[in-house]
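Residue-level structure breakdown
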Amino acid sequence: MSEPPASGQAAVDQLLEMLDLQRLGPSVFRGDSPQVSRQRIFGGQVAAQALVAAGRSVDPDRTVHSLHGYFVRPGDPAVPIEFRVEDIRDGRSFSVRRSVAYQHDKVIFFMSASFHVYEEGLDHHEPFPADVPAPESVPTVAERMARYPERLAVLAATSPRAIDVRYLGEPGWVPPGDRPVNAEPRAWMRIDGKLPDDPLIHAAALTYASDLTLLDAVLATHGEVWGPGGVVGASLDHALWLHRPFRADEWFLYDCSSPNASGARGLASGRMFAADGRLIASAVQEGLLRRIGG
């Protein structure tokens, strides 16, 4: 019999192993994928690994403040990924890197990332949303999906297990017809275990998590769902801005919305708030969304 999927700290340790890239040269790294039932690599994984590769070539005093990536081809989970980092610029305050992911000698993803030395300056942010319940009072995904065992089994086999996600409304994995229009696309999240103190690892973990529920905001606007009888999707690009220090292994609220869907593409944006109300990051993503049969 196969071993049950790892969860909790064991799953987080697997995430850390995935982010611990093997250095093949001064600016070349190798990354592997976790053994899950996926036909293609989770987009958040390759983006997180590309960020780690870029960050390992930058002075640790400079932390990432923004990244912009494009998903060019589906990644093969059975094949290692080679990351090649280009040193674009090192200035007095900023460092810019380009990190490109290859499989089978073809580009599957590329990212530009900018790193900044901390400076004092103006400080404000949007307020934390009102009337949001505490994360511990929100049901887990398994509890919400318990009445749909077949869909829960597929979700459990294919979703990243190192992230504890607590949807405030109906998740996009319920059957067609069971999700209301304008379902609240908010979720509490945290890495489900302890991470080391390295800020780059926390930034990579947040990048990993930021790709998990963002496009679901597009579906929520229409009461649509993922899977049979609903929609299948793929990330086309991803942008993330990191505003303030944070820990990805502590609760943060991912508040998402969708300003547009057209031409089989959907655009979504998200704000990430720490539990103490600070805005820690903002994300924007466009995805390809196609209807599929039941």
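Residues numbered from 1 in each chain as written. Predicted model: local features only at pLDDT ≥ 70, side-chain atom pairs only at ≥ 80, totals over all residues. Heavy atoms only, no water.

Digging into the overall build of the protein chain
The cut-off we apply is this: Strands here mean DSSP runs of E at least two residues long; helices mean DSSP runs of H or I at least four residues long; both are numbered from the N terminus. Based on C-alpha atoms, the radius of gyration is set beside the globule rule, defined as 2.2 Å times the residue count to the power 0.38. Exposed residues in this analysis have more than 50% of their type's maximum accessible area, buried residues have under 20%, and partly exposed residues fall in between, with area computed by a 1.4 Å probe over protein chains only. For the charge count, each Lys or Arg is scored as positive and each Asp or Glu as negative, with His and the chain ends excluded. Charged groups are reduced to one reference atom each: NZ for lysine, CZ for arginine, CG for aspartic acid, CD for glutamic acid.
When helices and strands are tallied, the protein chain shows six helices and twelve strands. In terms of overall dimensions, the protein chain is globule-like: its C-alpha atoms have a radius of gyration of 18 Å, near the 19 Å expected for 294 residues. Across its three principal axes, the protein chain shows a C-alpha extent of roughly 55 × 45 × 40 Å. A total of 294 residues make up the protein chain; the buried ones form 48% of that total. Here the protein chain contributes 29 positively and 37 negatively charged side chains, and the mean placements of these two sets differ by 5 Å.

Regarding the environment of Met272
The following threshold applies: What makes two residues a contact is simply this: any of their non-hydrogen atoms within 4.5 Å.
Position of Met272 relative to the elements: it lies in strand S11 (residues 265–274). Filtering out sequence-adjacent residues up to four positions away, Met272 remains in contact with Leu206, Ser210, Phe252, Leu253, Tyr254, Arg278, Leu279, Ile280 and Ala281.

Quick look at the UniProt feature "domain: Acyl-CoA thioesterase-like N-terminal HotDog" (unreviewed entry) in the protein chain
To keep things clear, this is the line we draw: UniProt positions are given in the numbering used here, feature names are shortened, and annotations may be inferred rather than shown by experiment.
The feature "domain: Acyl-CoA thioesterase-like N-terminal HotDog" (unreviewed entry), as annotated in UniProt, sits at residues 40–116 in this numbering. Overall, residues 40–116 shows 17% helix and 53% strand. The separation of its end C-alpha atoms is 33 Å.

Some thoughts on unusual backbone geometry
Even without a glycine there, the phi angle at His104 is positive, about 55°. Along the polypeptide, His104 turns up in the loop between strand S5 (94–103) and strand S6 (106–117). Owing to a relative accessible area of 56%, His104 belongs among the exposed residues under this scheme. Of note in this structure, Ala264 is not a glycine but carries a positive phi near 65°. By secondary structure assignment, the location of Ala264 is in the loop between strand S10 (252–262) and S11.

Some details on the nonpolar core
To keep it simple, the criterion reads: By nonpolar core we mean a set of buried residues, namely Ala, Val, Leu, Ile, Met, Phe, Trp, Tyr and Cys, connected to one another through side-chain atoms within 4.5 Å.
Counting 74 residues, the largest nonpolar core has Leu19, Val46, Leu51, Phe83, Phe109, Met111 and Ile191 as the members making the most contacts within it. Leave out the neighbours within four places in its chain, and Ile191 touches Val12, Leu15, Ala162, Ile163, Ala205, Ala248 and Asp249. Formed by eight residues, the second largest nonpolar core is a distinct cluster that contains Trp188, Trp251, Leu253 and Phe273.

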